[in-house]
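Residue-level structure breakdown
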Amino acid sequence: MAQAIHALLPSSSTCLHRRSAAATIASIPKSKSFVVLPQSPCFSRGRPSWSSISAVYELDSSLAAVSNGRGPAVAVDTSSAVIEIDAVSEAELKENGFRSTRRTKLVCTVGPATNGFSQIEALAMGGMNVARINMCHGTREWHRDVIRKVRKLNEEKGYAVAIMMDTEGSEIHMGDLGGSSSAKAEDGEIWTFSVRAFTSPLPARTISVNYDGFAEDVKVGDELLVDGGMVRFDVIEKIGPDVICRCTDPGLLLPRANLTLRRDGSLVREKNAMLPTISSKDWLDIDFGIAEGVDFIAISFVKSAEVIHHLKSYISARTHGSDIAVIAKIESIDSLSNLKEIIRASDGAMVARGDLGAQIPLEEVPSAQQEIVRLCRQLNRPVIVASQLLESMIEYPTPTRAEVADVSEAVRQCADGLMLSGESAMGQYPEKALAVLKSVSLRMERWWREDKRHEATNLSDISSSFSDQISETICNSAARMANSLEVDAIFVYTRTGGMASLLSRCRPDCPIFAFTTTTSVGRRLNLQWGLIPFRLSFSDDMESNLNRTFSLLKARGMIQSGDLVIAVSDMLQSIQVINVP
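The following refers to the structure shown. What you see is a predicted model, and the numbers here were worked out from it, not measured in a lab.

1. A short note on the side chain of N545
Checked against the element boundaries, N545 lands in helix α19 (residues 542–555). At 2.9 Å, the side chain of N545 and the side chain of R548 are in polar contact. Among residues more than four places away in sequence, those in contact with N545 are Y493, F538, S539 and M571.

2. Concerning the pairing of strand β14 (residues 223–226)
Pairing between β14 and strand β15 (residues 231–239): 4 bridges, direction antiparallel. Following the sheet pairing, E223 is matched in β15 by D234. The antiparallel hairpin formed by β14 and β15 contains 4 residues in its connecting segment, where D227 sits at a positive phi of about 55°. Two elements, β14 and strand β18 (residues 259–263), share 4 bridges in a ladder whose sense is antiparallel. What sits directly across from L224, in β18, is L261.

3. As for the sheet that holds strand β13 (residues 206–208)
Ordered by their spatial adjacency, 7 strands build an open sheet running β13-β12-β16-β15-β14-β18-β19, and the pairing between neighbours is mixed. In this open sheet, the two edge strands, each paired with only one partner strand, are β13 and β19 (266–267). The pairing of strand β12 (residues 190–194) with β13 spans 3 bridges and is parallel. When the sheet's bridge partners are listed, S194 is paired in β13 with S208.

4. Digging into the nonpolar core
Residues L390 and L418 are the most contacted members of the largest nonpolar core, which totals 64 residues. With 6 residues, helix α15 (residues 430–451) is the single largest residue contributor to this core.

5. Let's talk about the pattern of salt bridges
Tallied over the entire structure, the rule returns 32 salt bridges. Residue E90 is joined to K94 by a salt bridge in which the shortest nitrogen-to-oxygen separation is 3.1 Å. One end of the pair is E90 and the other is K94, both in helix α2 (residues 87–96) and 4 residues apart, which spans about a single turn. Linking R148 and E292 is a salt bridge whose minimum nitrogen-to-oxygen distance equals 3.6 Å. Of the two residues, R148 sits in helix α4 (residues 140–157) while E292 sits in helix α7 (residues 280–292), which places them 144 residues apart along the sequence. A residue is classified by how much of its surface remains accessible, and E292, at 15% relative accessible area, is buried.

6. Some words on α19
The end-to-end C-alpha separation of α19 is 20 Å, in line with the 20 Å expected for 14 residues at 1.5 Å each. Buried residues dominate α19, accounting for 12 of its 14 residues. Along α19, the residues classified as buried are M542, E543, S544, N545, L546, N547, R548, T549, F550, S551, L552 and L553. If you check the start of α19, you find a side-chain oxygen 3.2 Å away from the backbone N of E543, and it comes from D541. One or two residues past the end of α19 sits G557, with phi positive at roughly 75°.

7. Things to note about the state of the cysteines
Across all of its chains, the model carries 0 disulfides by this definition. Unpaired in terms of disulfides, C245 finds its nearest cysteine sulfur in C247, a separation of 9.9 Å.

8. Considerations on the sheet that holds strand β25 (residues 489–493)
With mixed pairing, 6 strands are arranged side by side in an open sheet as β7-β27-β26-β25-β28-β29. Two strands lie at the open edges of the sheet, namely β7 (83–85) and β29 (576–579), each paired on one side alone. Across this sheet, the average inter-strand angle for adjacent strands is 25°, counted without regard to direction. Sheet contacts for α2: β7, β26 (512–516) and β27 (531–536); angle to β7, the most-contacted strand, approximately 90°. The strands touched by helix α16 (residues 466–485) are β25, β28 (564–569) and β29; relative to β28, the strand with the most contacts, the crossing angle is about 180°.

Basis of the calculations
- Residues numbered from 1 in each chain as written.
- Predicted model: local features only at pLDDT ≥ 70, side-chain atom pairs only at ≥ 80, totals over all residues.
- Heavy atoms only, no water.
- Helix = DSSP H or I, 4+ residues; strand = E, 2+ residues; numbered from the N terminus.
- Polar contact = N/O pair within 3.5 Å; in protein donor to acceptor, adjacent residues only side chain to side chain.
- Contact = heavy atoms within 4.5 Å.
- Pairing = 2+ DSSP bridges.
- Core = buried A, V, L, I, M, F, W, Y, C linked by side-chain atoms within 4.5 Å.
- Buried < 20%, exposed > 50% of the residue type's maximum accessible area, 1.4 Å probe, protein only.
- Salt bridge = Lys/Arg side-chain N within 4 Å of Asp/Glu carboxyl O.
- Expected span 1.5 Å × (residues − 1).
- Disulfide = S-S within 2.5 Å.
- Axes fitted to C-alpha atoms, helices over the stretch in contact; angles between N-to-C directions.

Here it is in structure tokens:
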């Protein structure tokens, strides 16, 4: 028969008291499994004041004896259930165990260097969690082909790679370089930036500009920054629609790179003031992304929260409850000025350091990155650190030590994701660049767990309702218990992904197994720190869910008897601690 233990806990506290919880759990034989279940709470002035927990034992791999401590145990058959997990995550769990799984997610931009099926598969095998398509480059048909290759890879090979579509934005940028993949600007060379509509091939050292008022706004003596300052020019002459410039910092010119003007050492902002955040082309691209069912849409040069609200309303109207998430790219002074409102309105943020570094002093970029990452975590929004992480690996097989230190710092800050841009889109060593991100992430995460295990999180309350407050408190408590008890994993059963996200926000020492009923929610969770998404059909009966999960995971060699896990769910607001039978 199942045994039961009862303990009295004050639910008004923000977490289960570590000493009492540890003492209760320590009294249970390690060879036994147990489930902590809340019984009916007493209420005082509309709020629960005390609740009782109980535990049950004696679970089998295919038949589970479960009880809530108030009735007889029930046998549950779990042999017919099916569970799905990303093939790479499963392999890592089997090979390295719970503690060695990577928590930081990796985003790769797919471009001409990586758009073949075998190349995309190599990135997926290397740890790519999200494939990014950049609408600044290529045709919609080209991007459709990439999306379908990723979907085919997921279906046929068992991966769970999400797709992020990045809009071009309406900021001033270069044209397509006459079809060339790149052009090299050397020191002292004279180049022409023109708003002419060229019908024939571009003249030598000529670049088209998308903004008709460019020649009017520019003044002789201005400094022109290409792609966030990767190449710099001085404006030396204006002739009608043409702006004549001299290269002062040589570098590689890429198609559709952003252009920024500085005058007397300050950013010239007037030129972009009247441009919409979402251009007419962006709206067509957004319609394309909705039709193709992308998982994330990243919006460039977000200036205010109103833009995010407008886009999310549009997506909702067009999709009737779609799971498409909106990512705000923070890459301008306007974004920083309205940072908190923009992040709160969005489903996530991207620190686009290249363009941001052209709008604020370079020495301020690191502190801006840290503040964006910190605020995203406080507001429970995933955050991606992007731009020039391993820029040298576009041309060279190994990164600079400074680049490795930069990646390490982003991991130390506990950013949810790291992103490769040109390194994977057009670089000569995309797989090696991804391998560097993965290895550095794993090493820094191990250091973080070893040296910062009991570091206080100091997360502010973000719940807007009493029900949300309960969920938030449960997740905070579960994370603290996981660290204190050194559990092997946290299980979260979630239909919407909400509680999984709250657990990720806490950054516990152990991995988080996020069980969800829909594939699209699972792919969205694949961007968030520490989450390993599983697709599993489950009910509101947590005992049945747990025993079915144990049976399936043990059958695949992903857990074993004796593993200690904590389980929570968004159906039953409780914390359950289980020793796997």
